[in-house]
Amino acid sequence: MMIDLTDTKSSKINAALVEARRGMGSPTLGMVLTLVIVTDEANQYDAMKAAGEAAREHPSRILVVIGRPGQEIAPRLDAEVRVGDSGVGETVLLRLHGELADHAESVVLPLLLPDAPVVVWWPGRAPEVPSKDPLGALATRRVTDAAAPPRRADVLRLRASAYTPGDTDLAWTRTTPWRSLLAAALDQKYSRILGAKVGAKAGNPSAELLALWITDRLDVDVERVETGGPGITSVTLVTKDGEIVIDRPDGMMASLSSPGQPDRVVALKRREASDLVAEELRRLDPDDVYAATLARAALEAARVPSAASFTEPAVSQTPVLDVELAEEGEAPRPRPTKEIGTAPPLKRTSSAAASAKRVATKKAVPGTPRPARAPRKKKGDDA
C-alpha cells in the first residue's frame, strides 16, 4: 500500500502509517529499529532497494530523507508512505523543500519508533563529523561509505579525527570476509610473520583499511601493490616457512595457499550494498577493532607520507593566482613562487668586459664632442 502526502506534517504521516497497517490487517509489524537514510534523488532508488532487502533480516521503519534546499523555494514537506510493498516493515520517503531541508531532525524525530535503536546511513556525501550532525546525534549507529562519490584523498584521516563510538563505514565492512579468511589461515601454527603485501586497485579505501588492520594486529610493515582490480585482489603474509597467499583476481573466487598445505579454493565474492547494510544492523555496539584501525590510520598520517599507499594524493590548496592552467583532465600545476625582497643572482663578468659594455650602451649627450679617433696606419709603417 502506498499513500502520497503533499505539503504535510509529521503528525499526518504517523496517521497515514497507522491507517496503512490497519488496511493490511496487521496493527503491528514487529519492527526492531529505525533506519534513516540521508541521500539525494539520484541515489535514493538504490539506497531504498538495499535497505528494503536488509529489512528482510532486520524488520525496520525506513525513513529516506531527501533535501531540496533553496531560499527561493517555499518550505514544504512531501511524503510517500509505503507499507508491505517490499521487505518487512515500513518505508517513508520524505522530501524537504526550502529552509525545511536545514532542519530535517525536526521532521524525523516524531517518526522514530519508540524505545528502538536508530541507525543513520549516508550512502553518498556524509558530514565531516557524523556524530555532530543533527540527524547523526539522534542515532545509536552512524554508517558512512568512504568509497562513495565524491571521494576524498584524506577520508581515512578525517574519519579518524572525527571518530565517535558508534561510527562505522561500509569500506570497513567490505573487509570482513578478508579478515575472517586471514584469521582462519593463521589458526595453523606458523613462525613469526615478517611482512605482508596487499594488492588492490588504486584509491581503494577498503584495501587501505585492510593494510592498516594487518599492521595494527601483527605489528609488521605492509607493502601496497597496485593492481587492475576489481577491488582487493590479493593479500600475502610472509613467514620464515613460506608465504600465505590469498589471491582473488576476478572478484568472485579466491585461492588460499599456505606452506605445507594443499591449495584451496574459497568463495570470496564482492558483496552488494544490501549485504553490507544487513551486516552493520546485526550489531549496534561500538566496533573497537575499527576504532583501533582508524587510530593506526591517524598515526600513519602523522608520519611522512609514503608513496606506497592506496590513497590518492591530496588536492592542492594553492591560490588561483599561483596556478597555471593544465591540459584538460590534468590537475593544475602550481607556478614557482618567489620570495618578496629577493633578486635573481648576478652573473659574474670581468671588470674590463663590464666597463666596455657600459661604454657601448651609454647614450651620447647632445653637445658633447666625440673623442678623436687614432689615425689609420699607412702601408709600410712600422707596427
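Residues numbered from 1 in each chain as written. Predicted model: local features only at pLDDT ≥ 70, side-chain atom pairs only at ≥ 80, totals over all residues. Heavy atoms only, no water.

Draft legend 1. Representation of the layout of surface pockets within the structure. Its boundaries defined by the atoms lining it, the second largest pocket holds a volume of some 720 Å³. Forming the walls of the second largest pocket are 32 residues, and the residues nearest its centre are Asp145, Ala147, Arg174, Arg270 and Leu276. For the lining of the second largest pocket, the secondary structure elements donating two or more residues are helix 2 (44-54), helix 6 (176-185), helix 7 (205-218) and helix 8 (273-282). It is helix 2 that contributes the most residues to the lining of the second largest pocket, three residues altogether. The residue inventory of the lining of the second largest pocket, partitioned by class, reads 16 nonpolar, six polar and 10 charged. (1 Å grid on protein atoms, 1.4 Å probe; cavity = no way out; pocket = protein on both sides within 12 Å on 5 of 7 lines; lining within 4 Å. Points joined across faces, edges and corners; volume = space filled by probe spheres on them. Helix = DSSP H or I, 4+ residues; strand = E, 2+ residues; numbered from the N terminus. Nonpolar A, V, L, I, M, F, W, Y, C, P; charged D, E, K, R; others polar.)

Draft legend 2. Representation of the nonpolar core in the model. Counting residues in hydrophobic clusters, the biggest one holds 35 residues, and the most contacted among them are Leu182, Val198, Leu210, Ile214, Ile232, Val235 and Ile246. For this core, the element with the highest residue contribution is helix 7, accounting for seven residues. Leave out the neighbours within four places in its chain, and leucine 182 touches Leu210, Trp213, Ile214, Val235, Leu237 and Ile246. Leu5, Ile13, Val36 and Leu111 belong to the second-largest nonpolar core, a separate cluster that totals 28 residues. (Core = buried A, V, L, I, M, F, W, Y, C linked by side-chain atoms within 4.5 Å. Buried < 20%, exposed > 50% of the residue type's maximum accessible area, 1.4 Å probe, protein only. Contact = heavy atoms within 4.5 Å.)

Draft legend 3. Just the sheet that holds strand 8 (residues 167-169), in detail. Here we have eight strands laid out as an open sheet, ordered 1-4-5-3-2-6-7-8, and mixed in their pairing. Lying at the two open borders of the sheet, with one neighbouring strand each, are strand 1 (2-5) and strand 8. For this sheet the average axis-to-axis angle between neighbouring strands, irrespective of direction, equals 15°. Inspection of the sheet shows strand 3 (residues 60-68) paired to strand 5 (residues 89-97) by nine bridges, in the parallel sense. Among the inter-strand pairings, arginine 68 is bridged to a residue of strand 5, identified as histidine 97. (Pairing = 2+ DSSP bridges. Axes fitted to C-alpha atoms, helices over the stretch in contact; angles between N-to-C directions.)

Draft legend 4. Just empty space enclosed by the protein, in detail. Within this structure, the stated rule accounts for two cavities of 30 Å³ or more. What the second largest cavity holds in volume is close to 60 Å³. Contributing to the lining of the second largest cavity are Glu128, Pro130, Thr144, Leu158, Arg159, Ala162, Tyr163, Asp167, Tyr290 and Leu294. Elements that contribute at least two residues to the lining of the second largest cavity include exactly helix 4 (155-161) and helix 9 (288-302).

Draft legend 5. Expanded view of the sheet that holds strand 11 (residues 232-239). Read across the open sheet, the six strands follow the order 10-9-11-12-13-14; overall the sheet is mixed. If you trace the sheet from one side to the other, it starts and ends with strand 10 (222-227) and strand 14 (264-267), each paired once. When strand polarity is set aside, the average angle formed by the axes of neighbouring strands in this sheet is 20°. For strand 9 (residues 193-201) and strand 10, the ladder comprises six bridges, and the chain directions are parallel. Within strand 10, the position partnered with alanine 196 by the bridge is valine 222. Packed onto the sheet, helix 6 meets strand 11, strand 12 (242-247), strand 13 (253-257) and strand 14 and runs at close to 25° relative to strand 11. Helix 7 rests against strand 9, strand 10 and strand 11 of the sheet, and its axis sits at about 15° to strand 11.

Note that every value here comes from positions in space, so none of it alone points to a role or purpose.
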